[in-house]
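Take a look at the letters that make up each chain.
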Amino acid sequence: MQGDIATGVFYDSPVQGLRYETKSLQGVTDDKGTFEYRAGETITFSVGEFVLGTAEATAFLTPAHLIIEVGGIPDRILNRKVTNMARFLQSLNPADNLEER
């Protein structure tokens, strides 16, 4: 029996339009960055054919969770791969004024 479906959030700022896939679910993040998953599954995020990365599906994920060397550990957040992924994600929505946050 598969577990209950849970809702998580992918957040750099809310990231809309990321494709996600687990063993049992797939979809696209909404305007709040939400995705669905089941506990114990891994989740892969992508933009088009470009795979951003894979991590254990949890209620809150960031670019840092998708970089193996960082593994979601805040002390390693300055890793340049995380910075570059965050810049990439932010560039997908140039109308979003990050200075107003």
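Coordinates for the structure precede this section.
Residues numbered from 1 in each chain as written. Predicted model: local features only at pLDDT ≥ 70, side-chain atom pairs only at ≥ 80, totals over all residues. Heavy atoms only, no water.

Describing the sheet that holds strand 2 (residues 19-21)
Judged by pairing direction, the sheet is antiparallel, and its 4 strands sit side by side in the order 3-2-5-6 without closing on themselves. Strand pairing shows two members of the sheet lacking a second neighbour, strand 3 (26-28) and strand 6 (50-56), which therefore form its edges. When the angles between neighbouring strand axes are averaged without regard to direction, this sheet yields 20 degrees. In terms of strand pairing, strand 2 meets strand 3 through 3 bridges, oriented antiparallel. (Pairing = 2+ DSSP bridges. Helix = DSSP H or I, 4+ residues; strand = E, 2+ residues; numbered from the N terminus. Axes fitted to C-alpha atoms, helices over the stretch in contact; angles between N-to-C directions.)

As for the nonpolar core
Counting 16 residues, the largest nonpolar core has Phe 10, Phe 35 and Phe 45 as the members making the most contacts within it. Contributions of two or more residues to this core are made by strand 4 (34-38), strand 5 (42-47), strand 6 and helix 2 (80-91). The contacts of Phe 10, once residues within four sequence positions are left out, are Val 15, Leu 18, Gly 33, Phe 35, Phe 45, Leu 61, Thr 62, Pro 63, Leu 66 and Leu 89. (Core = buried A, V, L, I, M, F, W, Y, C linked by side-chain atoms within 4.5 Å. Buried < 20%, exposed > 50% of the residue type's maximum accessible area, 1.4 Å probe, protein only. Contact = heavy atoms within 4.5 Å.)

Some thoughts on the side chain of Thr 34
Along the chain, Thr 34 turns up in strand 4. Side chain to side chain, Thr 34 and Asp 30 meet in a polar contact 2.6 Å long. Look past the residues within four positions of Thr 34 in its chain and what remains in contact with it is Thr 7, Gly 8, Val 9, Tyr 20, Val 28 and Thr 29. (Polar contact = N/O pair within 3.5 Å; in protein donor to acceptor, adjacent residues only side chain to side chain.)

A closer look at the packing of aromatic side chains
Working definition: an aromatic ring pair is given by the centre-to-centre distance plus the angle between the planes. Taken as a whole, this structure holds 5 aromatic pairs when the rule is applied. Measuring from ring centre to ring centre gives 4.8 Å for Phe 10 and Phe 45, while their planes differ by 50 degrees; the resulting arrangement is tilted. Here Phe 10, found in strand 1 (residues 5-10), pairs with Phe 45, found in strand 5; they are 35 residues apart in sequence, far enough to count as distant. Judged by its relative accessible area of 0%, Phe 45 falls in the buried class. (Phe/Tyr/Trp six-rings, centres within 6.5 Å; stacked < 30°, edge-to-face > 60°.)

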